[in-house]
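The chain contents come next:
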Amino acid sequence: GKLFGSFILVVAFVLTATSAFACTPIAAGTGATVDGSVIVAHTCDGWYDNRIQIVPGGDHPEGEMVEIYVDPCLATRPNRVPQKVGEIPQAAHTNTYFHIGYPFMNDKQVIIGEHTWTGRQEASSPQGMLYIANLEQLGLQRASTAKEAVQIMGALAEQYGYGDGGETLLVGDTKEVWVFEVCGAGPLWTPDSGLPGAHWVAQRLPDDEVFVGANRARIGVIDFEDTENFMWSTDITAFPKLMGWWTEGEDFHYANIFHPITTPGTFGLSRREWRVFDLVAPSLELPILDDTTHYPFSVKPDEKVSIQTIIDIYSDHLEGTPYDLTTDAASAPFGNPNHWPVQRAQKPEGREALNWERAIAMFRCSYSFVSQSRAWLPDPVGGVLWFGEDAPDTTVYVPIYCGVTE
């Protein structure tokens, strides 16, 4: 469902899948939290597999293979049964990890949040084997740190091809957060083409800042001289140059190159970013920008954030703003913020392009979580993920420690 602005003009993004309007992940570095932990959070707003399954790690014999199924995040849909698409060699040792629609935690306190942005159709790779949930699964099984997870996921996407739409992952551990963005290599990529099978980039979140993503690519200009804070895929500039999306000598702005949004007056993505940043750093007085213009990658909060801060944000319907979903015409008489999407053919003549605001809290959420990775505690209890089924504004969050086995 595409729930956009309360009587604001929106035009459908032809190349953007419905799932792209689905999730709002948030992360905070050690210097931005009240206790020095790393926070990673995620709302999974759509029909996704909401069952938590613990997949034990262990040692594996040489020659063991991992079966790859697409698309595992939709495994609870009776009409979308995951299909086996291939196999890859298993690692010699794997971590225990927690499998759900978008696999989210391992026993090393590595935790991942996600959002979809899809991006350019020309970058899609039909022969790519791995989808984003596959990458998360493999990264959590094989990595002990956030940076290592990014490197593993990037390498696997390049080797076996990335067949999913554009995605963003927030990958945290006890020390830092990396924001990883990936899309396909284009329709000419094949397993034997000799080309990298994905275009990906990762940027480190400053320790004292907060990041939010809302279904658009968020990494801007890559500083190719700064290998401490950026990582990127092999030959990342070659395909955009070939396609005429980028010219030698220009800044390489990943989001504008791989996920350009050119329709003015759309706010379904930017509004959530603005809202999170405005709640944690109101002193910045950030302007209202539409989806064609980018907010900063991250901001320093006015006050350090806690688990409860993020839980409160995940209950938000833009209350107290001009876009408040509890006080518009459709919320009467009980202030109900849940506005069911209206099909274009059902709308009054001349108002076909109008739609509701897109809040952070969504009634169609499958699950959400707010997690902490804590360096001062041993791994089994250091990583704790507060999990809630269904809509985040009415759920009950339950702690799950990364060392539990059932």
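Here's what I pulled together on the structure shown here. These numbers come from a predicted model, not from an experiment.

1. A word on the pattern of salt bridges
Alright, step 1. Under the criterion given, the structure shown has 12 salt bridges.
Alright, step 2. One salt bridge connects Glu67 with Lys84, and the closest N-O pair in it is separated by 3.2 Å. Of this pair, Glu67 sits in strand E6 (residues 65-70) while Lys84 sits in strand E7 (residues 83-89), placing them 17 residues apart in sequence.
Alright, step 3. For Lys84, a relative accessible area of 41% corresponds to the partly exposed category.
Alright, step 4. Across the pair Glu273 and Arg218 runs a salt bridge, and its minimum N-O distance is 3.7 Å. Highlighted residues: Glu273 in helix H5 (residues 270-280) and Arg218 in the loop between strand E15 (210-212) and strand E16 (230-232), separated in sequence by 55 residues.
Alright, step 5. Under the relative-accessibility criterion, Arg218 is labelled buried at 3%.
Alright, step 6. In this structure, a network of salt bridges that share partners links the residues Glu67, Lys84 and Glu87.

2. Thoughts on the environment of Arg271
Alright, step 1. You can see Arg271 is positioned in helix H5.
Alright, step 2. Among the polar contacts listed, one links the side chain of Arg271 to the side chain of Glu357, at a separation of 2.7 Å.

3. Describing the sheet that holds strand E20 (residues 398-401)
Alright, step 1. In spatial order, the strands read E15-E2-E3-E18-E19-E20; together these six strands make up an open sheet with antiparallel pairing. In the strand order of this sheet, the two ends are held by E15 and E20, each with one partner. Taken pair by pair, the neighbouring strands of this sheet meet at an average axis angle of 15°, ignoring direction.
Alright, step 2. Relative to strand E3 (residues 38-44), strand E2 (residues 26-28) runs antiparallel, the two being bridged by three bridges. Bridge pairing links Ala28 to Ile39 in E3.

4. Quick look at unusual backbone geometry
Alright, step 1. In the segment running from Val70 into Asp71, the intervening peptide bond is cis, with an omega of -5°.
Alright, step 2. A cis geometry characterises the amide bond from Ala332 onward to Pro333, with omega recorded as 0°.
Alright, step 3. Within the secondary structure, Pro333 is located in the loop between helix H6 (307-313) and strand E17 (354-355).
Alright, step 4. For Thr118, which is not a glycine, the phi torsion comes out positive at approximately 70°.
Alright, step 5. Within the secondary structure, Thr118 is located in strand E11 (residues 111-118).

5. Focus: the packing of helix H1 (residues 132-142) against helix H2 (residues 146-160)
Alright, step 1. The interhelical angle for the contact between H1 and H2, taken along N-to-C directions, is 130°, at an axis separation of 9 Å. Looking at the two axes, H1 sits oblique to H2. As for how H1 packs across H2, the hand of that crossing is right-handed. Of the residues in H2, those in contact with Leu135, Glu136, Leu138, Gly139 and Arg142 of H1 are Glu148, Ala149, Ile152, Met153, Leu156 and Ala157.
Alright, step 2. Residues that form the contact of H1 with H2 fall into these classes: seven nonpolar, one polar and three charged.

6. A look at the packing of aromatic side chains
Alright, step 1. Per the stated rule, a full pass over the model turns up 16 aromatic pairs.
Alright, step 2. Seen from their ring centres, Phe239 and Trp245 are 5.4 Å apart, and the 90° between their planes marks the pair as edge-to-face.
Alright, step 3. The ring of Trp245 carries the charged tip of Arg120 above its face, separated from the ring centre by 4.0 Å.
Alright, step 4. Taking the ring centre of Tyr323 as reference, the NZ or CZ of Arg271 above it sits at 3.6 Å.

7. Quick notes on H2
Alright, step 1. Taking 1.5 Å of rise per residue, the 15 residues of H2 would be expected to cover 21 Å, and the 21 Å separating its terminal C-alpha atoms lies within 8% of that figure.
Alright, step 2. Where H2 is concerned, the buried positions are Ala146, Ala149, Val150, Ile152, Met153, Gly154, Leu156, Ala157, Glu158 and Tyr160.
Alright, step 3. Buried residues along H2 sit against E7, H1, strand E12 (166-172), strand E13 (177-183), strand E14 (199-204) and E16.
Alright, step 4. Phi for Gly161, located one or two positions after H2, is positive at around 85°.

8. A look at the nonpolar core
Alright, step 1. One finds Phe104, Val171 and Tyr254 to be the most contacted residues of the largest nonpolar core, which totals 76 residues.
Alright, step 2. The biggest single contributor to this core is H2, with eight residues.
Alright, step 3. In contact with Phe104, other than residues within four places in its own chain, are Ile52, Phe98, Val110, Ile111, Ile112, Leu140, Tyr367, Phe369, Leu385 and Phe387.
Alright, step 4. Membership of the second largest hydrophobic core comes to 27 residues, among which are Leu286, Leu318, Ile360 and Tyr397.

9. Brief notes about the state of the cysteines
Among covalent bonds in proteins, the disulfide is the one between the sulfur atoms of two cysteines.
Alright, step 1. If you walk through the whole model with that rule in mind, you get zero disulfides.
Alright, step 2. In this structure Cys23 is not part of a disulfide, and its nearest cysteine sulfur, from Cys44, lies 4.6 Å away.
Alright, step 3. Residue Cys23 is classed as buried on the basis of its relative accessible area of 0%.

10. A look at the side chain of Gln372
Alright, step 1. Structurally, Gln372 can be placed in strand E18 (residues 367-373).
Alright, step 2. Overall, the relative accessible area of 9% leaves Gln372 in the buried class.
Alright, step 3. A distance of 3.2 Å separates a polar atom in the side chain of Gln372 from a polar atom in the side chain of Ser37.
Alright, step 4. Discounting residues that sit within four places of it in the chain, Gln372 has contacts with Asp35, Ser37, Val38, Ile39, Ile111, Ile307, Gly382, Gly383, Val384 and Trp386.

Rules used throughout
Residues numbered from 1 in each chain as written. Predicted model: local features only at pLDDT ≥ 70, side-chain atom pairs only at ≥ 80, totals over all residues. Heavy atoms only, no water. Salt bridge = Lys/Arg side-chain N within 4 Å of Asp/Glu carboxyl O. Helix = DSSP H or I, 4+ residues; strand = E, 2+ residues; numbered from the N terminus. Buried < 20%, exposed > 50% of the residue type's maximum accessible area, 1.4 Å probe, protein only. Polar contact = N/O pair within 3.5 Å; in protein donor to acceptor, adjacent residues only side chain to side chain. Pairing = 2+ DSSP bridges. Axes fitted to C-alpha atoms, helices over the stretch in contact; angles between N-to-C directions. Parallel < 35°, antiparallel > 145°, perpendicular 65-115°, else oblique. Left-handed = near helix turned anticlockwise from the far one by under 90°. Contact = heavy atoms within 4.5 Å. Nonpolar A, V, L, I, M, F, W, Y, C, P; charged D, E, K, R; others polar. Phe/Tyr/Trp six-rings, centres within 6.5 Å; stacked < 30°, edge-to-face > 60°. Lys NZ or Arg CZ within 6 Å of the ring centre and 35° of its normal. Expected span 1.5 Å × (residues − 1). Core = buried A, V, L, I, M, F, W, Y, C linked by side-chain atoms within 4.5 Å. Disulfide = S-S within 2.5 Å.

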